[in-house]
Amino acid sequence: IHVVLQYSPTVSVTLGEEFGLKAGKDMNGILNASLRRTGFDKVFDTSFGADLYITELAAEVENRIRGGQQVPVFSSDCPAWVKYMEQWHPDMLPHLSACKSPQQMLGAVISSYYTGLFHINPDNLYTVSAMPCTAKKFEAQREQMTHKGISDVDAVLTTRELAQFIRLNGIDIQQMDSELADNPFHVRSSSGRLLSVSGGVTEALIRSLHHRITGKDLNQPKIAELRNTREYKEYKIKIGDFKLGFAVVNSVRQASKLISEIKAGRNDLHFIEVMACPGGCINGGGQPIGSDSAALKARIRTIYEIDEKDPIRFAYKNPAIVEIYRDFLGEPMGQKSIELLHTTYKKREVPL
Ligand code: SF4
């Protein structure tokens, strides 16, 4: 069995707290080294999956805006939110983006593109992911998250479980030197890391959408209006000939309120990012317990600092993304992308 692991970009800025390190310390390279020592054949950073998610999402949102269909589009990378929509607002499911989450997208290309490149039988592949979240365990088990009988992701660990696993393997992470993640998913943009925080999906999406519509980079990639911990944020921007409205919420209560407004005729929004956890995945249910607001702020600060300094800030400039579309996927929202990276939803009965 060929066993690989992918870890969420949020895990690398929270895991250190489980080992008594200061909040917000980025463990990215140390995690690569530590997890290799525990015996995984390959270690991947889900930030690559996040770049893939943003690339597909930008193509989907652009198509829907141009076609005037099912707008506003709701984000689909939070499985707790997706399940809530299926249970409580099934009539709004056509508005939910069809993109799988970064965890599932990376799982899908590991079991297809990666196994093909390295001549591995997909039947002998076992994919583990380390996530900030217990809802990701549920997501990995959805029947829509398989392709030709192979699961995108076989097992999911939370940040706390990953810390336990590292300890059980006798790894002293403080003695590890940084190493890079494995090929062919070893490069990421800082857009991919932004998905850890509330507002990050929207910020990364606007960068890619701007490039798709105008062919140019957004002059100022940082969107300050989206960088705060408020429960509700809005941002309006003109891209090409389109005047676009974006909303960011980090509670299902606020999202429900917005759905009522849309049903009552509100039509100035084109994309709505929903995260079930206050602050986003950085504050997910699988993260270290007992963290205070200072720890939360430190985690968020680290993500923004990484973005400010990163040499690649746009998902479409990630050379590994360019390569996978050139050699394997074709184009965003193309036939192969839809087959592997997109999904469907259905009404879910509510157990009362
Ligand atoms: Fe999981 Fe919370 Fe992130 Fe949603 S916002 S994916 S529930 S950690």
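Our subject is the structure that appears above.
Residues numbered from 1 in each chain as written. Predicted model: local features only at pLDDT ≥ 70, side-chain atom pairs only at ≥ 80, totals over all residues. Heavy atoms only, no water.

A closer look at the overall build of the protein chain
Move 1: Looking only at helices and strands, one finds 13 helices and 10 strands in the protein chain.
Move 2: Against the compact-globule benchmark of 20 Å for 352 residues, the protein chain has a radius of gyration of 19 Å, which places it among compact chains.
Move 3: Along the three orthogonal principal directions, the C-alpha set of the protein chain runs to about 60 × 50 × 45 Å.
Move 4: Within the span of the protein chain, comprising 352 residues, buried residues form 61% of the whole.
Move 5: With an accessible surface of roughly 14,400 Å², the protein chain has 50% of that area assigned to carbon and sulfur atoms.
Move 6: Distance from the positive charge centre (42 side chains) to the negative charge centre (41 side chains) of the protein chain: 4 Å. (Helix = DSSP H or I, 4+ residues; strand = E, 2+ residues; numbered from the N terminus. Rg over C-alpha atoms; globule rule 2.2 N^0.38 Å. Buried < 20%, exposed > 50% of the residue type's maximum accessible area, 1.4 Å probe, protein only. Areas by Shrake-Rupley, 256 points an atom, 1.4 Å probe, with all protein chains shown as cover. Lys, Arg positive; Asp, Glu negative; His and termini not counted. Charge placed at Lys NZ, Arg CZ, Asp CG, Glu CD.)

Looking at the pairing of strand β10 (residues 271-274)
Move 1: Of the two faces of β10, the one carrying Phe271 and Glu273 and the one carrying Ile272 and Val274 are both buried.
Move 2: Viewed along the sheet, the connection from strand β9 (residues 242-249) through helix α10 (residues 252-263) into β10 turns out right-handed. (Right-handed = clockwise from strand over helix to strand, strands pointing away.)

A short note on helix α7 (residues 159-168)
Move 1: Taken as a whole, α7 has its buried residues at Thr159, Leu162, Ala163 and Ile166. All buried residues of α7 fall inside an arc of 100 degrees around its axis, so they share one side.
Move 2: Tucked into the core, α7 has its buried residues touching β1 (2-7), α1 (11-18), α2 (28-37), β4 (125-131) and β7 (155-158). (Arc of directions from axis to C-beta. Contact = heavy atoms within 4.5 Å.)

Some details on the site of the ligand
Move 1: Lining the immediate environment of the ligand, one finds Cys78, Pro79, Ala80, Cys133, Met275, Ala276, Cys277, Cys281 and Gly284.
Move 2: Taken together, the residues of the shell around the ligand sort by class into 8 nonpolar, 1 polar and no charged. (Near = heavy atom within 4 Å. Nonpolar A, V, L, I, M, F, W, Y, C, P; charged D, E, K, R; others polar.)

Considering helix α4 (residues 79-88)
Move 1: Here α4 has its buried residues at Pro79, Trp81, Val82, Met85, Glu86 and Gln87.
Move 2: For α4, the elements touching its buried residues are β3 (73-74), α6 (135-140), α10 and β10.

Digging into unusual backbone geometry
Move 1: Of the consecutive residues Val71 and Pro72, the connecting peptide bond is found in the cis state with omega at 5 degrees.
Move 2: Among the structural elements, Pro72 can be located in the loop between α3 (47-67) and β3.
Move 3: In this structure, Pro184 follows Asn183 across a cis peptide bond, with omega equal to 0 degrees.
Move 4: Mapped onto the elements of the fold, Pro184 is located in the loop between α7 and α8 (190-194).

Overview of the sheet that holds β10
Move 1: Strand order in the open sheet made by the 4 strands is β3-β10-β9-β8, with mixed pairing throughout. The open sheet has two free edges, formed respectively by β3 and β8 (232-239), since each of these has just one partner strand.
Move 2: As defined by bridge partners, β9 adjoins β10 across 4 bridges and the pair is classed as parallel. Paired with Val248 across the two strands is Glu273, which belongs to β10. (Pairing = 2+ DSSP bridges.)

Section: the pattern of salt bridges
Move 1: The full count for this structure, using the stated rule, is 31 salt bridges.
Move 2: Where Lys100 meets Asp152, a salt bridge forms, and the shortest distance between an N and an O atom there is 2.8 Å. With Lys100 in the loop between α4 and α5 (102-117) and Asp152 in the loop between β6 (150-151) and β7, this pair connects stretches of sequence that are 52 residues apart.
Move 3: According to the relative accessible area criterion, Lys100 is buried, its value standing at 2%.
Move 4: With a closest N to O distance of 3.3 Å, Glu139 and Lys136 form a salt bridge. Note that Glu139 and Lys136 are positioned in helix α6 at a spacing of 3 residues, about one turn of the helix. Lys136 carries the same exposure label as Glu139, and that label is buried. (Salt bridge = Lys/Arg side-chain N within 4 Å of Asp/Glu carboxyl O.)

By themselves these figures say nothing about function.
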